[in-house]
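Coordinate inspection notes
What follows is each chain in one-letter form.
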2 protein chains.
Amino acid sequence: MAIRNIKLTVLYDGSEYHGWQIQPGLRTIQAALTEAIQEFIDVEVRVFGASRTDAGVSALGQVALVQIDSAIPVENLAKVITHRLPPEIAVAEAVEVPEGFDLIGAVKSKLYRYTIFIGQLRPVMQIKHCWHLPQKLDIAAMAQAGAMLVGKKDFKSFASAADKRQTSVRTIFRCDVSRDDDWVYIDVEGDSFLYNMVRNIVGTLVEVGSGRQKPEKISEILEAKDRTAAGPIAPAAGLCLMWIKY
Amino acid sequence: MAIRNIKLTVLYDGSEYHGWQIQPGLRTIQAALTEAIQEFIDVEVRVFGASRTDAGVSALGQVALVQIDSAIPVENLAKVITHRLPPEIAVAEAVEVPEGFDLIGAVKSKLYRYTIFIGQLRPVMQIKHCWHLPQKLDIAAMAQAGAMLVGKKDFKSFASAADKRQTSVRTIFRCDVSRDDDWVYIDVEGDSFLYNMVRNIVGTLVEVGSGRQKPEKISEILEAKDRTAAGPIAPAAGLCLMWIKY
């Protein structure tokens, strides 16, 4: 049996999980996926993820990579794995990729969507997948602020201090704010993201939408290169990794 | 302070709760609501519900009744209680009703909605609020079968054996089956329901939709007055109590 490199598209409701990454004694997506695949693979399975989503964050298009030495045809793998996963996790697609496929380095862009509910009444059925902010938000001002984040810039002000990567320069392709009834969506597409970057952007855009900051403040925040210049972090529940393009 | 009778409209995501009714050591909606109200009421609070929803069943319009001896204006009560509730539960409205208001006897009709997802890919974000049945369903046949349930009839065949009520005659005002993309909805409105009646109806309609039974079989099932004549019970997750009319 030939060992094959398999790229998986993974969906999960992350609200009851301690994030993607395996942590001893905690329920994580990576651990659940590893266990499900291990059930029909004899050698030790290692699953890699393209994004380390945080506790409470969901995904409709996480990408994972695993080596599989099973005779199961690749077109059946998504079903076989999903069948063994908890109900909150599924594999949408499995495709074979060449040896040496660079799961993180080959990423062209990623889209994160953040969902806010601004109605008065708590949305009990969606409460684990949104930020409930029962107040008025100036969507036009938020969109104006979001547009100022687009481009290749140093996003140090939007990175949590825990981020130890060498450079904080990233490219944001778009940062769109839209509204459908009482639901507000912030879509951020970029080449890669710093730790908590989207949630820090959302918290800052909400400061603008609430009228506590002017949209023009974004330039100052970017220039400061200091986390304390930006707004507070938005809760994890509203964040969802929509897709990753290669 | 005058003691007032307050009628509450209650919403909840019931997926992580052991149903409405208080049970020692278990997390229930009635217990959570009682605790929340008890926080600002000195005497012992007792909360009554119009429907005893089962474990895993949700509600967007459960109705509850409670006596409150607080000076809080009734128009503020919904917010005051919701603020003290867990995130999966909310009170949409609180209104004062006369002493002797008959919470169960005065019900004119109730609507339950059952949600089925027939797409292939597991809907991870909604999996706790639907029945995932990745197969074809003949919606027209299900609608035809549903229509045969409308009227004042003996629904003994659709009542779980645990139902010990004197009569199993109930009136169903409508039983509509509709489809929106891969989502199938079964809306059942009636004057009152036997134990597990909606879930047993749904299980039977799915037998019809899958082609395992003809729609005409419904008459035979009703005539049999025997639970074993109907189809298997549908999972709790898909059921939601939409509203109760007085």
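Criteria and cut-off values
- Residues numbered from 1 in each chain as written.
- Chains lettered and ligands numbered in written order.
- Predicted model: local features only at pLDDT ≥ 70, side-chain atom pairs only at ≥ 80, totals over all residues.
- Heavy atoms only, no water.
- Pairing = 2+ DSSP bridges.
- Helix = DSSP H or I, 4+ residues; strand = E, 2+ residues; numbered from the N terminus.
- Core = buried A, V, L, I, M, F, W, Y, C linked by side-chain atoms within 4.5 Å.
- Buried < 20%, exposed > 50% of the residue type's maximum accessible area, 1.4 Å probe, protein only.
- Domains from an automatic or database assignment.
- Contact = heavy atoms within 4.5 Å.
- Least-squares fit on C-alpha atoms with pLDDT ≥ 70 in both.
- Buried area = accessible area lost by both parts, 1.4 Å probe.
- Polar contact = N/O pair within 3.5 Å; in protein donor to acceptor, adjacent residues only side chain to side chain.
- Nonpolar A, V, L, I, M, F, W, Y, C, P; charged D, E, K, R; others polar.
- Salt bridge = Lys/Arg side-chain N within 4 Å of Asp/Glu carboxyl O.
- Axes fitted to C-alpha atoms, helices over the stretch in contact; angles between N-to-C directions.
- Parallel < 35°, antiparallel > 145°, perpendicular 65-115°, else oblique.
- Left-handed = near helix turned anticlockwise from the far one by under 90°.
- Expected span 1.5 Å × (residues − 1).
- Phe/Tyr/Trp six-rings, centres within 6.5 Å; stacked < 30°, edge-to-face > 60°.
- Lys NZ or Arg CZ within 6 Å of the ring centre and 35° of its normal.

Now for the pairing of strand β10 (residues 239-245) of chain A. Here strand β3 (residues 58-68) of chain A runs beside β10 of chain A; their pairing, made up of two bridges, is parallel. When the sheet's bridge partners are listed, Ser58 of chain A is paired in β10 of chain A with Cys240 of chain A.

What follows concerns the nonpolar core. Grouped together as the largest cluster of nonpolar side chains are 74 residues, with contacts concentrated most on Leu8, Leu33, Ile37, Ile116 and Ile186 of chain A. Considering each element in turn, this core owes the most residues, seven residues, to helix α4 (residues 197-209) of chain A. When residues of this core are sorted by domain, at least three fall in each of domain 1 (4-97) and domain 2 (109-245) of chain A. The contact partners of Leu33 of chain A, leaving out residues within four places of it in the chain, are Val10, Trp20, Val47, Ala64, Ile81, Leu85 and Val91 of chain A. Membership of the second largest hydrophobic core comes to 73 residues, among which are Leu65, Ile118, Leu133 and Ile172 of chain B.

For the pair chain B and chain A, the best superposition has an RMSD of 0.0 Å and corresponds to a rotation of 180° with a translation of 0.0 Å parallel to the axis. Put plainly, the chains are arranged around a two-fold axis. Within chain B, Gln126 of chain B has its C-alpha nearest the rotation axis, a separation of 4.5 Å. In this assembly, 100% of the residues forming the interface of chain B have copies in chain A that are likewise at the interface, indicating an isologous arrangement.

Between chain B and chain A, the contact holds 25 residues from the first and 25 residues from the second. It is Arg122, Val124 and Met125 of chain B in chain B that bury the most area against chain A; as a group they hold 36% of the surface buried on that side. Our count for the contact surface shared by chain B and chain A stands at ten residue pairs in polar contact (both at pLDDT 80 or more). Taken together, the elements giving at least two residues each to the side of chain B that touches chain A come down to β1 (4-12), β3 (58-68), α2 (74-84) and β4 (89-97) of chain B. For the side of chain B that touches chain A, the element with the most residues is β4 of chain B, which contributes four residues. When its residues are assigned to classes, the side of chain B that touches chain A shows 14 nonpolar, five polar and six charged.

In this section: the domain arrangement of chain A. All names here are of chain A. Domain parsing of chain A yields domain 1 (4-97) and domain 2 (109-245). Computed from C-alpha atoms alone, the centre-to-centre distance between domain 1 and domain 2 is 27 Å. Taken together, the 16 residues of domain 1 in the interface contact 15 residues of domain 2. Of the roughly 1100 Å² buried where domain 1 meets domain 2, counting both sides, 53% is carbon and sulfur surface. Counting every contact that joins domain 1 to domain 2 gives two salt bridges. Connecting domain 1 to domain 2 are ten residue pairs in polar contact (both at pLDDT 80 or more). Classifying every residue of the side of domain 1 that touches domain 2 gives six nonpolar, seven polar and three charged.

This paragraph deals with the packing of helix α3 (residues 139-147) of chain B against helix α4 (residues 197-209) of chain B. Residue and element names in this part refer to chain B. One can describe the packing of α3 onto α4 by two numbers: an axis separation of 8 Å at closest approach and a directional angle of 140°. With respect to α4, the element α3 is oriented oblique. Note on packing geometry: the crossing formed by α3 with α4 is right-handed. Here Ala141, Met142, Ala145 and Gly146 of α3 come into contact with α4, specifically with Leu205, Val206, Val208 and Gly209. Tallied by class, residues from the contact of α3 with α4 come to six nonpolar, two polar and no charged.

Attention now moves to the environment of Trp131 of chain B. All names here are of chain B. Inspection of the secondary structure puts Trp131 in strand β6 (residues 131-132). Note on Trp131: relative accessible area 19%, which makes it buried. With 106 residues separating them in the primary sequence, Trp131 and Ala237 have C-alpha atoms 6.5 Å apart. With residues near it in sequence (within four places) discarded, Trp131 still touches Tyr114, Thr115, Ile116, Phe117, Val202, Val206, Ala234, Pro235 and Gly238.

Okay, α4 of chain A next. All names here are of chain A. Taking 1.5 Å of rise per residue, 13 residues should cover 18 Å, and α4 covers 18 Å from first to last C-alpha, within 8% of that figure. Taking burial as the measure, the 13 residues of α4 include 13 buried ones, the bulk of the element. Looking one or two residues past α4, Gly211 carries a phi angle of roughly 85°, positive in sign.

All names here are of chain B. Along the polypeptide, Ser70 turns up in the loop between β3 and α2. Taking the relative accessible area as the measure of exposure, Ser70 reaches 10% and is therefore buried. Within polar-contact distance, the side chain of Ser70 engages the backbone nitrogen of Ile72 at 2.9 Å.

Summed over all chains, the structure comprises twelve aromatic pairs over all chains. Ring centres of Phe101 of chain A and Tyr246 of chain A lie 5.2 Å apart, and the angle between their planes is 50°; on these two criteria the pair is classed as tilted. Taken together, the residues span a long stretch of sequence, with Phe101 of chain A in the loop between β4 (89-97) and β5 (109-117) and Tyr246 of chain A in the segment after β10 at a distance of 145 residues. Among the residues examined, Tyr246 of chain A registers a relative accessible area of 28% and is labelled partly exposed. In this structure, Arg113 of chain B packs its charged tip against the face of Tyr185 of chain B, placed 4.2 Å from the ring centre.

Turning next to the pairing of strand β8 (residues 169-180) of chain B. Residues and elements named next belong to chain B. Where strand β7 (residues 151-154) meets β8, four bridges bridge the pair, whose relative direction is antiparallel. When the sheet's bridge partners are listed, Lys152 is paired in β8 with Thr171. In the sheet, β8 pairs with strand β9 (residues 183-190) via eight bridges, with the strands oriented antiparallel. From the neighbouring strand, Cys175 faces β9, where its bridge partner is Val188. Connecting the antiparallel pair β8 and β9 is a turn made up of two residues, with Asp181 showing a positive phi of about 60°.

Now for α2 of chain B. Inspection of α2 of chain B places Leu77, Ala78, Val80, Ile81 and Thr82 of chain B among the buried residues, and these make up the whole buried set. Along its buried surface, α2 of chain B packs onto β1, α1 (29-38), β3 and β4 of chain B.

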